[in-house]
Amino acid sequence: MAPTLPTSEKLALLRRRAEAIDALRASLRRRGYLEVETPAVTVCPGVDRHLQAFAVDFVPAGGGPSLRRYLTTSPEYHMKRLLAAGSGPVFQVGRAFRNGEVSERHNPEFTIAEWYRPGWGYGELMDEVEDLVREMARALRPTAPPPRAFPRTTVAAAFEGAVGADPHGGDPAPLRDAAEAAGIGVPAGAEGDADALYCWIMAAAVEPALPEGGAFLVDYPARHAALSRVRPGDPPVAERFELFLDGIEIANGFTELTDEAEQRVRIHAENAARVAAGLEPYPTDERFLAALARGLPPCAGVALGVDRLVAWLLGVPRVQDVIAFPFE
């Protein structure tokens, strides 16, 4: 990785970073969100086969067995517990942690903004995310042309345009053939894995083909629903969006799944996939599931990578350039 910026240059960027975060908080407050704080050390960091958490041990001062805990990969579970308790719209800007992720777009410890609004679906939330990002761009880059409207493309249309393949099928053969025909090859070991091929095509062909500026990908395959609601149809699609700014993923949002039984099934499936991949399964967060069982209101939520957004707003290529002390 390239060396860090000189101190004076980085300090100037850090001042602009503070302005950007102040603007983000102020915008969310104006929109009626309550700022909250949730734990960084949790029983369950979030169950996702693609995310690895930092494990920590709580050692009781008076003796006794230690307790395994994790640094959170996202505040989602706790924020949904607040929603189920009747909080109304909530947001937070805080720290999250993902083990093993270091690159110009990743820092293992990073700043995340996450917010939820009861009564909304993912379409309304996309409108708000676009308004907020364009508002911040105008404030932080007053002499630059305002960002154009962000087009919205379904994942199916994006795959068809990039490689001529259907992302919704579970058969790896068409995806493998499409990747090879498009000239992006196939990673070793992914030949028979539809999910691995999907992720490879998304990163190698779909994302680089997105238009300059801002763009949304929407309506993901049901098997990539994460914690979003699946809309029935042929094929069924996850009511999920991702925002990309000049090809870099910035935000991931959903119409949220509110059904406790379905959420439990998905958590167990993710843990089974982790075990199959030789990864540690994570504990089931029963308090989160109990909150869903009591009644999570219909809502939409989004997680936004603050470091990536700030880097884009300030025109620097690496998140490390807008983080005071990146991973060493």
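Further up the page is the structure itself.
Position numbers for residues start from 1 in each chain and track the written sequence from start to end. Local features are withheld for residues below a pLDDT of 70 in this predicted model, meaning they are given only at 70 or higher, and side-chain atom pairs are given and counted only at 80 or more; totals for whole chains, interfaces and linings count all residues. In computing side-chain properties, one takes all heavy atoms of the structure into account and sets aside hydrogens as well as water.

1. With respect to the overall build of the protein
Applied cut-off: Per the convention used, a helix needs a DSSP run of H or I reaching at least four residues, while a strand needs a run of E reaching at least two, with both numbered from the N terminus. Here the globule rule reads 2.2 Å times residues to the power 0.38, and the radius of gyration is calculated from C-alpha atoms. Exposure is judged per residue with a 1.4 Å probe applied to protein chains only, and the accessible area is read against the type maximum: over 50% gives exposed, under 20% gives buried, and values in between give partly exposed. Should any heavy atoms of two residues lie within 4.5 Å, those residues are counted as being in contact. For the accessible areas, the method is Shrake-Rupley and the probe is 1.4 Å, while residue cover comes only from the protein chains on display. Think of it this way: Lys and Arg go in the positive column, Asp and Glu in the negative one, and His and the chain ends go nowhere. A charge is said to be at NZ when it belongs to Lys, at CZ for Arg, at CG for Asp and at CD for Glu.
Assigned secondary structure in the protein consists of 9 helices and 12 strands. Relative to the compact-globule value of 20 Å for 328 residues, the protein shows a C-alpha radius of gyration of 20 Å, a close match. Overall, the C-alpha framework of the protein stretches about 55 × 50 × 40 Å when taken along its three principal axes. In the protein, which comprises 328 residues, the proportion classed as buried is 46%. Contacts in the protein between residues far apart in sequence, at least 24 positions, make up 69% of those at least 6 positions apart. By element, 55% of the accessible surface of the protein is carried by carbon and sulfur atoms, the whole surface being about 15,000 Å². Both charge centroids of the protein, one from 34 positive and one from 45 negative side chains, sit 6 Å from each other.

2. A few points about the pairing of strand E10 (residues 237–245)
Worth spelling out the cut-off: Pairing between two strands is assigned when DSSP locates at least 2 bridges connecting them.
Buried residues dominate E10, accounting for 9 of its 9 residues. With 2 bridges joining them, strand E9 (residues 230–231) and E10 adopt antiparallel strand pairing. Bridged to arginine 231 within E10 is valine 237. Counting the residues that bridge the hairpin from E9 to E10 gives 5 residues. Here E10 pairs with strand E11 (residues 248–255) via 6 bridges, running antiparallel. Directly across from arginine 240, in E11, lies its bridge partner phenylalanine 254. From the end of E10 to the start of E11, which pair antiparallel, there are 2 residues, and aspartate 246 there has a positive phi angle of about 50°.

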